[in-house]
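Residue-level listing of the chains:
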Amino acid sequence: MYKYLFEKNNHLYLTMLLVLPLLLTSCGKDDVTSEPVTPQQPEQPKDPEQPTTPQTPTTTFLPLHVEGQFLVDSDGQRHVLHGFAQTYSPWFNERGTKWNNYDVKACLAYNQGLIDDIIAAGWEMTFVRMHMDPYWSNTPGVPTTGENDISAFDFERFKKYLDEVFVPMAEYAITKKMYVVMRPPGVCPEEIAVGDNYQKYLLKVWEWVAQHPKLKNNGYVMFELANEPVRITHGAGEGFMELKQFFQPIVNVIRQYSNNIVLVPGLGWQSNYAGFANHPIEGKNIGYAVHCYPGWYNSGVEDNVSVNYEDFKRGWNTQIAPVAKTNPIVVTEMDWAPAKYNSSWGKAVTGVAGGTGFGANFIRIADETCNVSWLIFTSPELLAKYKDEAPDGSSFLTDPQACPRPTYRKYKYYASEEYAQKINDPSYMFQ
């Protein structure tokens, strides 16, 4: 997501999103349709010194692989993961107030400390999505037009800081019994094409990551191949044949070195996967990385609560179910809150499961799909301040209509033995 280029000019930001990718059949948020809905981009949220020494994870925290629709550990137990996201750059670490100037030691101390604080706050986190932010891999001082501009990418810098920042952060999370999803630096250009420079860039990045001795064949680490493809240059179809031709070579090059779980993004800012039913990514250990925000998939938003569970489920079933029937899903961006808090990308309310509102219905639909891992995209420093004993109130963290409070409590259930037994019942399958 991270399109902070437009933070000070939201009118320009939204204008860019009025042009609908031709490959998606769209409808307005007030319409009821079973056709794919192209999302509107959410708004930008608000965004000590020694790292803690890692400890060895216990044997009950086991590596994962893919079996059919599910993430499965080496003991054959199914897992549906729940977590949060981190980005390792000064801007996204409280807007440059905590560290700067490529200070590796301070970056690790701050971000490892946040993991500790989130755990201390009682969050039952089982995975973290880690952005290998281009702050580290871009040549300092070279101007770019945004995170989708790879002209300043320096491969030697990427290799250096993969070793010094991203791998240590992944290792640290694993010691805290969290699986890791790693995403490459930056975001996709608005249009990608088979054989273009961006595909070559991703091939180079993932070929190096896949052969890293601490990452390859690591069942605790998953690779999210790209962030938010919008549309792809295509022929007469909807673009999924070309999207397969874009990502399949990246999967293939990873498989030359490692068997890590690979999470493949869809089109429309990772909202549309319908065409993968006819053009699936081939190979073992394949899942799909989905994004979901208020207003997408016919879901209700704060100013349109008439859109309800049935409409949201219809959009989800059109755009996500075709791959959820065959592979695990990991929602790597999702959040919601009333707009007044200015602390979330998605502007909506929790509402009531089966009724109106976004949050409660997203959780219900994810649970009904049965193999959907998901996170909230709330800034980690806010998650670390959560206090469940605080009464329901007007703050972002304590308002039941914002994502932290209902998510915190739902994560407690997901960590229970009851839930583990439920998802491991052989009859528990997406129908």
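Per chain, residue numbering runs from 1 following the sequence as it is written. The predicted nature of this model means local features are confined to residues of pLDDT at least 70 and side-chain atom pairs, given and counted, to a pLDDT of 80 or more, with totals for whole chains, interfaces and linings taken over all residues. To get the side-chain values, take all heavy atoms of the structure and skip hydrogens and water.

Chemist: Teacher, can you tell me more about the overall build of the protein here?
Modeler: The numbering of helices and of strands both runs from the N terminus, where a helix is a DSSP run of H or I of at least 4 residues and a strand a run of E of at least 2. Each helix and strand in the protein was counted, giving 13 helices and 13 strands. Residue burial is assigned from relative accessible area. The probe radius is 1.4 Å, only protein chains are included, and a residue is buried under 20% of its type maximum, exposed over 50%, and partly exposed in between. Residues classed as buried in the protein amount to 59% of the 431 residues present. Carbon and sulfur atoms make up 52% of the accessible area of the protein, which totals about 16,600 Å². Residue burial considers only the protein chains on display, and all accessible areas are found by Shrake-Rupley using a 1.4 Å probe.

Chemist: Where do I start with the pattern of salt bridges in this structure?
Modeler: It is possible for side chains bearing opposite charge to pair when their charged atoms get close. When a carboxyl oxygen of Asp or Glu is within 4 Å of a side-chain nitrogen of Lys or Arg, the pair counts as a salt bridge. This structure, assessed with the given rule, holds 16 salt bridges. A salt bridge links Arg129 to Glu333, with the nearest nitrogen and oxygen atoms 3.0 Å apart. Here Arg129, found in strand S5 (residues 127-131), pairs with Glu333, found in strand S12 (residues 329-333); they are 204 residues apart in sequence, far enough to count as distant. One exposure class covers both Arg129 and Glu333, and it is buried. Among the charged side chains, a network of salt bridges with common partners joins Arg129, Glu224 and Glu333.

Chemist: Just to check I follow, could you spell out the sheet that holds strand S1 (residues 64-67) for this structure?
Modeler: To summarise the sheet geometry, strands pair through backbone hydrogen bonds and adopt either a parallel or an antiparallel arrangement. Should DSSP find at least two bridges between two strands, the strands are taken to pair. Taken together, three strands build an open sheet; the order of strands is S1-S2-S3 and the sheet is antiparallel. A single partner strand is all that each edge strand has here, and the edge strands are S1 and strand S3 (78-79). With two bridges connecting them, strand S2 (residues 70-73) and S3 associate as antiparallel partners. Counterpart to Val72 in the pairing with S3 is Arg78.

Chemist: In this structure, what is going on with the packing of helix H4 (residues 155-175) against helix H5 (residues 197-210)? I would like to understand it.
Modeler: When two helices pack together, you describe them by how their axes are tilted relative to each other and by the distance separating the axes. To obtain an axis, a line is fitted to C-alpha atoms, over the contacting stretch when the element is a helix, and the angle between two such axes runs from 0 to 180 degrees between their N-to-C directions. Packing of H4 against H5 leaves a shortest axis separation of 11 Å and a crossing angle of 30°. Overall, the two elements H4 and H5 adopt an arrangement that is roughly parallel. As H4 runs across H5, the sense of the crossing is right-handed. Where H4 abuts H5, its residues Phe155, Phe158, Lys159 and Leu162 lie against Lys204, Val205, Trp208 and Val209. All residues other than Ala, Val, Leu, Ile, Met, Phe, Trp, Tyr, Cys, Pro, Asp, Glu, Lys and Arg, Gly among them, are scored as polar; the first ten of these are nonpolar and the last four charged. The residue makeup of the contact of H4 with H5, split by class, is six nonpolar, no polar and two charged. Each angle receives one of four descriptions, namely roughly parallel if under 35 degrees, roughly antiparallel if over 145, roughly perpendicular if within 65 to 115, and oblique otherwise. A clockwise turn of the near helix away from the far one marks a right-handed crossing, whereas an anticlockwise turn of less than a right angle marks a left-handed crossing. The criterion used for residue contact is that any of the two residues' heavy atoms lie within 4.5 Å.

Chemist: It is not clear to me how the environment of Ile286 should be interpreted in this structure. Could you clarify?
Modeler: In this fold, Ile286 is placed in strand S11 (residues 286-291). We classify Ile286 as buried; its relative accessible area is 1%. Discounting residues that sit within four places of it in the chain, Ile286 has contacts with Val66, Val251, Arg255, Val262, Val264, Ile281, Asn327 and Pro328.

Chemist: Would you mind showing me how to read the sheet that holds strand S8 (residues 221-224) here?
Modeler: The eight strands lie next to each other as S4-S5-S6-S8-S10-S11-S12-S13, forming a closed barrel whose pairing is parallel. For this sheet the average axis-to-axis angle between neighbouring strands, irrespective of direction, equals 30°. Of the pairings in the sheet, the one linking S8 to strand S10 (residues 261-265) comprises three bridges and is parallel in character. Pairing of Met222 across the sheet is with Ile261, part of S10. Here helix H12 (residues 404-414) sits on the sheet and contacts strand S4 (82-87) and strand S13 (372-375); the angle it forms with S13, its principal contact strand, is near 140°.

Chemist: Where do I start with the packing of aromatic side chains in this structure?
Modeler: Centres within 6.5 Å make a pair out of two Phe, Tyr or Trp rings, where for Trp the six-membered ring is used; the pair is then stacked when the planes are under 30 degrees apart, edge-to-face when over 60, and tilted otherwise. Taken as a whole and assessed by the stated rule, the structure comprises 40 aromatic pairs. Ring geometry for Trp136 against Tyr161: centres 4.7 Å apart, planes inclined by 45°, an arrangement best described as tilted. Placement of the pair is Trp136 in helix H3 (residues 134-137) and Tyr161 in helix H4, with a sequence separation of 25 residues. By relative accessible area, Tyr161 is classed as buried at 7%. A centroid spacing of 5.4 Å and a plane angle of 90° characterise the contact between Phe362 and Trp374, whose relative ring orientation is edge-to-face. You can see Phe362 sitting in helix H10 (residues 359-369) and its partner Trp374 sitting in strand S13, a full 12 residues away along the chain. Exposure remark for Phe362: the relative accessible area of 1% places this residue in the buried category. Accessibility expressed as a relative area gives 0% for Trp374, which makes it buried. Here Arg157 stacks its cationic end above the ring of Tyr102, 5.0 Å away from the centre of that ring. Placement of a charge over a ring requires the Lys NZ or Arg CZ to be within 6 Å of the ring centre, with the centre-to-atom vector within 35 degrees of the ring normal. Between the NZ or CZ atom of Lys159 and the centre of the ring of Trp208, over which it lies, the distance is 4.6 Å.

Chemist: I'm lost on the pairing of S12 in this one. Help?
Modeler: Within a regular strand, the side chains alternate between the two sheet faces. The element S12 is largely enclosed, with a buried count of five among its five residues. As paired elements, S11 and S12 share four bridges and run parallel to each other. Bridging from a neighbouring strand, Ala289 pairs with Val330 of S12. Alignment of S12 against S13, held across three bridges, turns out to be parallel. Paired with Val330 across the bridge in S13 is Ser373. Read as a crossover between parallel neighbours, the route from S12 over H10 to S13 is right-handed. Look down the strands so they point away from you; if going from the first strand over the helix to the second traces a clockwise path, that crossover is right-handed.

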